[in-house]
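# What the coordinates show
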Amino acid sequence: MRTAICPGSFDPITLGHLNIIRRTARIFDKVVVLVMYNASKPSPMFTLEERVDQIGRVVARFGNVTVEAHDGLLAEYARKFDEPVIVKGLRASTDFENEFQMAQINKSINPALETMFLTSSEKYTFLSSSMVRELASYGADLSEFVPFEVIEEVERKARQRGR
Ligand code: PNS
């Protein structure tokens, strides 16, 4: 049984993330969506628990996808699997340098860990959680960018936070 880990900060989950999760779930027997802190993105919009809850609702449509949170190192989390594989989406060359660096560091901590990349669908190459947060702060329509299960929560939180 081969399990893939799809890690990310998912603050909030976007349709681009969902596209990568869906495609990973077709390739692997099981997928764990792992919600984590990104040290370079302080002051998240949602807590880890809120994000796990949101993603849980979104991935309920898949039979082989579960959600967990981990507030430590990704490479340490992956030790619970025999042959751990991380799957991430690559949107553009701007993602590549950072992702390449993370993959190398993760492998140096846990040599059993492999990282694979799926190229993002053309439709979502421009899409990011930070863009969603910005659009939400202006009260824009999010239906093209965010799974319908979480739109209301993102809108509500954006109203509370203001611009
Ligand atoms: O969706 P993101 O923000 O691009 O995901 C980045 C994330 C959360 C996967 C990355 O920051 C991460 O792995 N954080 C956990 C801590 C860790 O293992 N850091 C070392 C990687 S260099």
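The coordinates are above.
Anyway, here's the lowdown on the structure attached to this text. (Residues numbered from 1 in each chain as written. Predicted model: local features only at pLDDT ≥ 70, side-chain atom pairs only at ≥ 80, totals over all residues. Heavy atoms only, no water.)

## Let's talk about the environment of M131
- Structurally, M131 is set in helix α5 (residues 129-137).
- Using a relative accessible area of 35% as the deciding quantity, one classes M131 as partly exposed.
- With 14 residues separating them along the chain, M131 and F145 place their C-alpha atoms 9.4 Å apart. (Helix = DSSP H or I, 4+ residues; strand = E, 2+ residues; numbered from the N terminus. Buried < 20%, exposed > 50% of the residue type's maximum accessible area, 1.4 Å probe, protein only.)

## Comments concerning the nonpolar core
- If you look at the biggest cluster of nonpolar residues, it comprises 36 residues, and the most contacted ones within it are V33, I55, V65, V146 and V154.
- When contributions to this core are tallied by element, the ones reaching two or more residues are β1 (3-8), α1 (15-27), β2 (30-35), α2 (48-59), β3 (65-69), β4 (85-90), α5 and α6 (148-161).
- With five residues, the single largest contributor to this core is α1.
- V65 has contacts with I21, A25, V31, V33 and V59, leaving out every residue within four places of it along the chain.
- L34, M36, A75 and F81 belong to the second largest nonpolar core, which has 11 residues in total. (Core = buried A, V, L, I, M, F, W, Y, C linked by side-chain atoms within 4.5 Å. Contact = heavy atoms within 4.5 Å.)

## Some details on the site of the ligand
- Surveying the vicinity of the ligand reveals the residues G8, S9, M36, Y37, N38, K41, G72, L73, L74, K88, M102 and N106.
- S9 has a polar side-chain atom sitting 2.5 Å from an oxygen atom of the ligand.
- Taking K41, its side chain carries an N or O atom lying 2.7 Å from an oxygen atom of the ligand.
- Isolated, the ligand exposes 540 Å² of accessible area, and the fraction of that covered by the protein chains is 81%.
- Assessed atom by atom at 2 Å from the grid points, the ligand resides in the largest pocket. (Near = heavy atom within 4 Å. Polar contact = N/O pair within 3.5 Å; in protein donor to acceptor, adjacent residues only side chain to side chain. Areas by Shrake-Rupley, 256 points an atom, 1.4 Å probe, with all protein chains shown as cover. 1 Å grid on protein atoms, 1.4 Å probe; cavity = no way out; pocket = protein on both sides within 12 Å on 5 of 7 lines; lining within 4 Å. Sits in = over half its atoms within 2 Å of the grid points.)

## Observations concerning the side chain of K157
- With respect to the secondary-structure elements, K157 resides in helix α6.
- Here K157 falls in the buried class, since its relative accessible area comes to 18%.
- Setting aside anything within four residues of it in sequence, one finds K157 in contact with M45, F46 and E50.

## What to know about the packing of aromatic side chains
- Enumeration over the complete set of coordinates arrives at three aromatic pairs.
- With 6.0 Å between their ring centres and 55° between their planes, Y77 and F81 make a pair best called tilted. Comparing Y77 with F81, the two get one shared label, buried.
- An angle of 85° between the planes, with centres 6.2 Å apart, marks the rings of F126 and F145 as edge-to-face. Taken as a pair, F126 in the loop between β5 (114-119) and α5 and F145 in the loop between α5 and α6 lie far apart in primary sequence, 19 residues in all.
- Since its relative accessible area comes to 18%, F145 is described here as buried. (Phe/Tyr/Trp six-rings, centres within 6.5 Å; stacked < 30°, edge-to-face > 60°.)

## Section: the packing of α5 against α6
- Contact pair α5 / α6: the axes reach a minimum separation of 8 Å and the direction vectors enclose 65°. One element, α5, and the other, α6, form an angle in the roughly perpendicular class. The two elements α5 and α6 cross, and the hand of that crossing is right-handed. Along the contact surface, α5 presents V132, R133, A136 and S137, while α6 presents V154, A158 and R161. (Axes fitted to C-alpha atoms, helices over the stretch in contact; angles between N-to-C directions. Parallel < 35°, antiparallel > 145°, perpendicular 65-115°, else oblique. Left-handed = near helix turned anticlockwise from the far one by under 90°.)

## Here's the deal with the sheet that holds β1
- One open sheet holds the five strands; their spatial order is β3-β2-β1-β4-β5, and the pairing between them is parallel. Both outer strands of the open sheet, β3 and β5, are each paired with one neighbouring strand and no more. Neighbour-to-neighbour, the strand axes of this sheet turn through a mean angle of 30°, independent of strand direction.
- Where β1 lies against β2, six bridges are found, and the strand directions are parallel. Residue C6 lies in a different strand from β2, and its bridge partner there is V33. (Pairing = 2+ DSSP bridges.)

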